[in-house]
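What follows is each chain in one-letter form.
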Amino acid sequence: MSEKLIPCPFCGSTDTDVLRSTDGVKFWGRCETCGAVGGVGSTDEEAVNNWNRRGTTKQDDRALLPCPKCGYPHLLIHHWEPRHEDEAESYQVECPECGYVALPANTEADAIEYWNRGDDNDSSEL
Ligand SMILES: [Zn+2]
Ligand SMILES: [Zn+2]
């Protein structure tokens, strides 16, 4: 576990660490619990920054309903690139106002659907 990494955006685990490629030129954050990975950087710090920025993020109001928790309409879609060809891409919608997130998905369309249906980690545990 690293002190510098925020908890996993997918599963909330704090069992996260920065890994280094065998040639020592690539670094990335990884969640040891669910296997989520952050963006690859060329330094340890960059990997931490990429992880803490939670991949790439764009704002998208078109297809998304306002936040079900606070009604905020300007939502973020996070996008994580796969590190290997056999890893799936991940998308997740977040309300920047209150921090509410829907379930992550492998496609942007699914992530939007989860958001609009109100699927989140709380409801999946019931
Ligand atoms: Zn995780
Ligand atoms: Zn909200």
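Coordinates for the structure precede this section.
As the structure is a prediction and not an experimental result, all values here were calculated from the model.

Along the backbone of the protein there are three helices and five strands. Secondary structure elements in the protein, listed N-terminal to C-terminal, are β-β-α-β-β-β-α-α. Considering the protein as a whole, with its 126 residues, one finds that 30% of them fall into the buried category. In the protein, the proportion of contacts linking residues at least 24 apart, taken out of those at least 6 apart, comes to 26%.

Another aspect to go through is helix H1 (residues 44-52). By the burial criterion, the buried members of H1 are Ala47, Val48, Asn50 and Trp51. Buried residues of H1, viewed axially, fall in a sector of 165°; they line one side. Where the residues of H1 are buried, they touch strand S1 (16-20) and strand S2 (27-31).

Attention shifts here to the pairing of S2. The buried fraction of S2 is high, at five of five residues. As paired strands, S1 and S2 are joined by five bridges and run antiparallel to one another. For aspartate 17, the partnering residue across the bridge sits in S2 and is arginine 30. Between S1 and the antiparallel strand that follows it, S2, lie six residues; glycine 24 among them carries a positive phi value of about 75°.

Looking now at helix H2 (residues 108-117). Those residues of H2 not exposed but buried are Ala111, Ile112, Tyr114 and Trp115. Buried residues in H2, looked at end-on, bunch into an arc of 160°, giving them a common side. In this structure, the buried side of H2 is in contact with strand S4 (76-80) and strand S5 (90-94). Backbone geometry just after H2 places glycine 118 at a positive phi near 80°.

A separate point is the environment of glycine 71. As for its placement among the helices and strands, glycine 71 is situated in the loop between strand S3 (56-59) and S4. For glycine 71, a count of 11 C-beta atoms within 10 Å puts it in the exposed group. For the pair glycine 71 and cysteine 95, spaced 24 residues apart in sequence, the C-alpha separation works out to 9.1 Å.

About the cut-offs
Residues numbered from 1 in each chain as written. Chains lettered and ligands numbered in written order. Predicted model: local features only at pLDDT ≥ 70, side-chain atom pairs only at ≥ 80, totals over all residues. Helix = DSSP H or I, 4+ residues; strand = E, 2+ residues; numbered from the N terminus. Buried ≥ 20, exposed ≤ 12 C-beta atoms within 10 Å, placed from the backbone. Contact = placed C-beta atoms within 7 Å. Arc of directions from axis to C-beta. Pairing = 2+ DSSP bridges.

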